[in-house]
Amino acid sequence: MKLRRQLAAAAATAAVLMLVPSAVATASPDKHPKVPADSLRALGAQQKLGIGTAVDDARLGSDRAYTDLVANQFSVVTAENAMKWESVEPARGSYDWAAADRLVSFAGQHGQQVRGHTLLWHNQLPSWLTTGVDDGTVTKGQLREILRKHVTDEVTHFRGRIWQWDVANEVFANSWDPNPLPDGLNGDDFWIRNLGEGVVADVFRWAHQADPKALLFYNDYNISGQDGTNAKFRAVHDFVAKLRAQGVPIDGVGEQGHLDTQYGFDAQRFQADLQSYGDLGLKVAVTEADVRTFVNNSTEQVPTSQPAAFAQPFEFSEMLKGCQLVDQCISFTAWGVYDGDSWIPGTFAGTGYGLLYDVDKAPKPAYYALQQDLRLGARPQKH
Ligand code: 9MR
């Protein structure tokens, strides 16, 4: 496995340097001049693995320490919010690409690739759209056309500059959702409820027409080894297999990787499930990794138990290793740079400490764990 990766990496280096003009189709070796040799991105590049972070537009450029971490440690960036529908089309028919464009041009300047996030999701929809559906002024036929236009316009706007698109996000039912459909899709999902199951395949087709080179992903949480019965994994697996068999242009599955130390984590099953997606001929990515735990308060975010403080970097590391050991896993992205700027404390009260850098932007044990995993993955064979 190790040797195979090194040979593949060497071959890819040669290919990228000599033959392949576009950096979009595959993660390229990290040649950006200012990147430290022991950074996550440089170590990841040695094994052709993109290392990413979600980026907060409010801090990019204005917070120097934050911006340096994004530039120096990561080879892939995702807009945490700036590409979502409510951000890009706050008023109907009037687009605002400014924040998303800033990120894409930052990525270009820093030799980074971009994950586009996200085209079809029930959340962060513009209120003109949800209100129109609620009060009946937007009919189902119009809704489908509005969605087709949204997907086409957004993917076209960024054509050639997005490596992976999260085309559809979180449309499968969890064990606690009351109305799963027979194939596991969430019958209560805004899009499924209004436009039917076929909308998922349609958004992949529309996205592919608008940018045939972008890698198109289905993205969700608890779909690799985390839920007790593994029912959600099975449903997503069978669904994406069916899409592939039908010729729908889907290229990959994104496992978000939002973990919480209180629930434990089966790393072997995580890896096995990622491998199962890969065995379908799909690429795989870990797209939103964070590992939360109980903390003293949301300002300091000190774990309240010693074992949990060890579990946090351990689970982060196990997720990365799972990705490293699956040949089809092309990128590993943390959902944010540092604990002071994470969605976790605001959503799961009493928890935090989820990321690689602490509230003061100092590297945490999880950062060093990932660095060590990447060093091991890049190491030449001893004998
Ligand atoms: O991190 C994002 C946060 O800033 C937003 O307020 C939130 C709104 O739902 O979305 C967060 O990102 C989500 C991502 O887009 C999809 N998967 C779950 C992420 C965490 O909620």
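Residues numbered from 1 in each chain as written. Predicted model: local features only at pLDDT ≥ 70, side-chain atom pairs only at ≥ 80, totals over all residues. Heavy atoms only, no water.

## Some points on the state of the cysteines
With the rule as written, the count across this model stands at 1 disulfide. One disulfide bridge connects cysteine 323 with cysteine 329, the sulfur atoms lying 2.1 Å from each other. The disulfide joining cysteine 323 to cysteine 329 has a torsion of about -100° about its S-S bond and is therefore left-handed. Note on cysteine 323: relative accessible area 0%, which makes it buried. What makes cysteine 329 buried here is its relative accessible area of 3%. (Disulfide = S-S within 2.5 Å. Buried < 20%, exposed > 50% of the residue type's maximum accessible area, 1.4 Å probe, protein only.)

## Thoughts on the site of the ligand
As a matter of local geometry, the ligand sits amid 14 residues, with Glu80, Lys84, His117, Glu170 and Glu288 nearest to it. A distance of 2.5 Å separates an oxygen atom of the ligand from a polar atom in the side chain of glutamate 80. The separation between a nitrogen atom of the ligand and a polar side-chain atom of glutamate 288 is 2.7 Å. When isolated, the ligand has an accessible area of 450 Å², and the protein chains bury 77% of it. (Near = heavy atom within 4 Å. Polar contact = N/O pair within 3.5 Å; in protein donor to acceptor, adjacent residues only side chain to side chain. Areas by Shrake-Rupley, 256 points an atom, 1.4 Å probe, with all protein chains shown as cover.)

## Notes on helix 3 (residues 64–73)
What helix 3 keeps buried is the set Tyr66, Thr67, Leu69, Val70, Ala71 and Gln73. A side-chain oxygen of the first residue of helix 3 lies 3.2 Å from the backbone nitrogen of alanine 65; this N-cap is aspartate 63. (Helix = DSSP H or I, 4+ residues; strand = E, 2+ residues; numbered from the N terminus.)

## With respect to the side chain of threonine 261
By secondary structure assignment, the location of threonine 261 is in the loop between strand 7 (258–260) and helix 11 (267–279). For threonine 261, a relative accessible area of 16% gives the class buried. In this view, threonine 261 contacts Val291, Arg292, Thr293, Ala308, Ala311, Gln312 and Glu315; residues no more than four positions away in its chain are not counted. (Contact = heavy atoms within 4.5 Å.)

## Points about the nonpolar core
Formed by 96 residues in total, the largest nonpolar core has its most connected members in Trp165, Trp191, Phe204, Phe332 and Leu356. In terms of residues, this core owes the most to one element, helix 9 (residues 198–210), which gives 8 residues. Trp163, Leu215, Phe217 and Ala285 belong to the second largest nonpolar core, which has 6 residues in total. (Core = buried A, V, L, I, M, F, W, Y, C linked by side-chain atoms within 4.5 Å.)

## Concerning the environment of isoleucine 223
Structurally, isoleucine 223 is set in the loop between strand 5 (215–220) and helix 10 (231–245). Distance from isoleucine 223 to glycine 44, taken between C-alpha atoms, is 24 Å for residues 179 residues apart in sequence. Leaving out residues up to four positions away in the same chain, isoleucine 223 has contacts with Lys232, Phe233, Val236, Val253, Gly254, Glu255, Asp273 and Tyr277.

## Description of the environment of arginine 144
Topologically, arginine 144 is positioned in helix 7 (residues 140–157). Classification of arginine 144 as partly exposed rests on a relative accessible area of 36%. Taking the C-alpha atoms as reference, arginine 144 lies 24 Å from lysine 213; in sequence the two are 69 residues apart. Non-local contacts of arginine 144, meaning those with residues more than four positions away in its chain, are made with Leu195, Asp202 and Trp206.

## Digging into helix 12 (residues 306–324)
Over its 19 residues, helix 12 extends 28 Å from the first C-alpha to the last, a length consistent with the 27 Å expected when each residue adds 1.5 Å. Residue serine 305 occupies the N-cap position of helix 12, its side-chain oxygen lying 3.0 Å from the main-chain nitrogen of alanine 308. (Expected span 1.5 Å × (residues − 1).)

## Digging into unusual backbone geometry
Residue threonine 118 follows histidine 117 across a cis peptide bond; omega there is 0°. Relative to the helices and strands, threonine 118 resides in strand 3 (residues 113–120). If you check the backbone angles, asparagine 222 has positive phi at about 55° while not being a glycine. Mapped onto the secondary structure, asparagine 222 falls in the loop between strand 5 and helix 10. Relative accessible area serves as the criterion here: at 17%, asparagine 222 is assigned to the buried category. In this structure, tyrosine 353 takes a positive phi of about 55° despite not being glycine. Inspection of the secondary structure puts tyrosine 353 in the loop between strand 10 (351–352) and helix 14 (365–378). With a relative accessible area of 11%, tyrosine 353 lands in the buried category.

Keep in mind these values describe shape, not function.
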